Amino acid sequence: QVQLVESGGGLVQAGGSLRLSCAASGRSFGSYVMGWFRQAPGKEREFVAGISWSPGNPYYGDLAEGRFTISRDNAKNTVYLQMSSLKPEDTAVYFCGAAPGFGQLVRQIDVPWWGQGTQVTVSS
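About the cut-offs
As a convention, each chain's residues are numbered from 1 in the sequence order in which they are written. Under the rules for a predicted model, residues below a pLDDT of 70 receive no local features and side-chain atom pairs below 80 are neither given nor counted, while totals for whole chains, interfaces and linings still include all residues. In computing side-chain values, all of the structure's heavy atoms are included and hydrogens and water are not. Here, nonpolar core means buried Ala, Val, Leu, Ile, Met, Phe, Trp, Tyr and Cys residues that are tied together by side-chain atoms lying within 4.5 Å of each other. The buried label applies to any residue whose accessible area, calculated with a 1.4 Å probe on protein chains only, is under 20% of its type's maximum; exposed applies above 50%, and partly exposed to all values in between. Helix and strand definitions follow DSSP, with helices as H or I runs of at least four residues and strands as E runs of at least two, each counted in order from the N terminus. Here the rule is simple: two strands pair whenever DSSP picks up at least two bridges between them. Axis lines are fitted through C-alpha atoms, for helices just across the contact stretch, and the angle between N-to-C directions can take any value from 0 to 180 degrees.

K.L.:
Can you tell me about the nonpolar core, naming the residues and giving the values?
P.N.:
Residues L4, F29, M34, W36, L81, M83 and Y94 are the most contacted members of the largest nonpolar core, which totals 30 residues. Elements supplying a minimum of two residues to this core: β3 (18-25), β4 (33-39), β5 (46-52), β7 (68-73), β8 (78-83), β9 (92-99) and β11 (118-123).

So this is what it looks like as structure tokens:
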């Protein structure tokens, strides 16, 4: 059974940092790209960042704004999102997903697997 399990969300003050984790299991993701998305209340889910398993090339959406860094640990089958200088507008549920390529990931087309999401709340 394929699973993507996010963790690391929580409540943080503006200007603070959080590191989200997405642990993947149930199959090999070597040919897939992994990504982070977020969905704020009343808004559609948006792409934040993606990374290939090997060689680990990152790709960032506009939302990352140079404040977020995506990385992965192949040995742990885990993808991370380091978020810094957090703002109240970063408040959202953050999801990870896996897709065959960056095109599908960014457009959220043909994304076979999604995690359940982790809540990030940034207080002012």
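What follows continues from the structure just given.
K.L.:
Provide a residue-level description of the sheet that holds β7, including the pertinent values.
P.N.:
Across the sheet, 4 strands lie side by side as β1-β3-β8-β7; this open sheet has antiparallel pairing. Whereas interior strands pair on both sides, the edge strands pair on one side only; in this sheet they are β1 (3-7) and β7. On average, each strand axis in the sheet is tilted by 15° relative to the strand beside it, whichever way the strands run. Bridge count between β7 and β8: 6 bridges; the pairing is antiparallel. Its bridge partner being in β8, T69 is matched across the sheet by Q82.

Honestly, that's just the spatial picture; any functional story needs more than this.
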